[in-house]
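# Analysis of the macromolecular model
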Amino acid sequence: MFPSMRSVARSAVVVLMFAAISPAASLLKPCGTPYRSALSTFGPSIALAAPGCAMKICDKPKGGKPADCLATSLTYNCSKSGGHCTSTAC
């Protein structure tokens, strides 16, 4: 057998071993555990607003444009009156 054929055969055997072991390894994972990873809560989360919170803030554009309320993930209420806008925390 040529040296290149031998390395190809060894590589194929290693790949087949990993392919055979991976389904068995997935069965060994515990389904439920009281312990959690510190990274399991890392990432984007949904902001929970208090009841009655509109989740809107004031958008005050430059120039002569009137202020308007803009949806946000922050817990604020927005109120417009006579071209003026006010944001208040929930």
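The shown structure was predicted, so the numbers you read here are calculated from the model rather than taken from an experiment.

Right, let's get into the overall build of the protein chain. Across its full length, the protein chain carries one helix and four strands. Counting all 90 residues of the protein chain, 7% fall into the buried class. The contacts of the protein chain with a sequence gap of at least 6 include a subset with a gap of at least 24, amounting to 16%. Summed over all atoms, the accessible surface of the protein chain reaches about 7900 Å², with 66% contributed by carbon and sulfur.

A full pass over the atoms with the stated rule returns three disulfides. Cys53 shares a disulfide with Cys90; S-S distance 1.9 Å. Residues Cys53 and Cys90 share a disulfide whose torsion about the S-S bond is about 75 degrees; that sign makes it right-handed. Placement of the pair is Cys53 in the loop between helix H1 (3-27) and strand E1 (56-59) and Cys90 in the segment after strand E4 (84-89), with a sequence separation of 37 residues. Accessibility expressed as a relative area gives 44% for Cys90, which makes it partly exposed. Each sulfur in the disulfide pair Cys58 and Cys85 lies 2.0 Å from the other.

On to the confidence of the model for the protein chain, then. Residue-level pLDDT values for the protein chain average 76, and 67% of them are 70 or greater. Per-element mean pLDDT across the protein chain ranges from 80 in H1 up to 88 in E1.

What counts and how
Residues numbered from 1 in each chain as written. Predicted model: local features only at pLDDT ≥ 70, side-chain atom pairs only at ≥ 80, totals over all residues. Heavy atoms only, no water. Helix = DSSP H or I, 4+ residues; strand = E, 2+ residues; numbered from the N terminus. Buried < 20%, exposed > 50% of the residue type's maximum accessible area, 1.4 Å probe, protein only. Contact = heavy atoms within 4.5 Å. Areas by Shrake-Rupley, 256 points an atom, 1.4 Å probe, with all protein chains shown as cover. Disulfide = S-S within 2.5 Å. pLDDT = per-residue confidence, 0-100.

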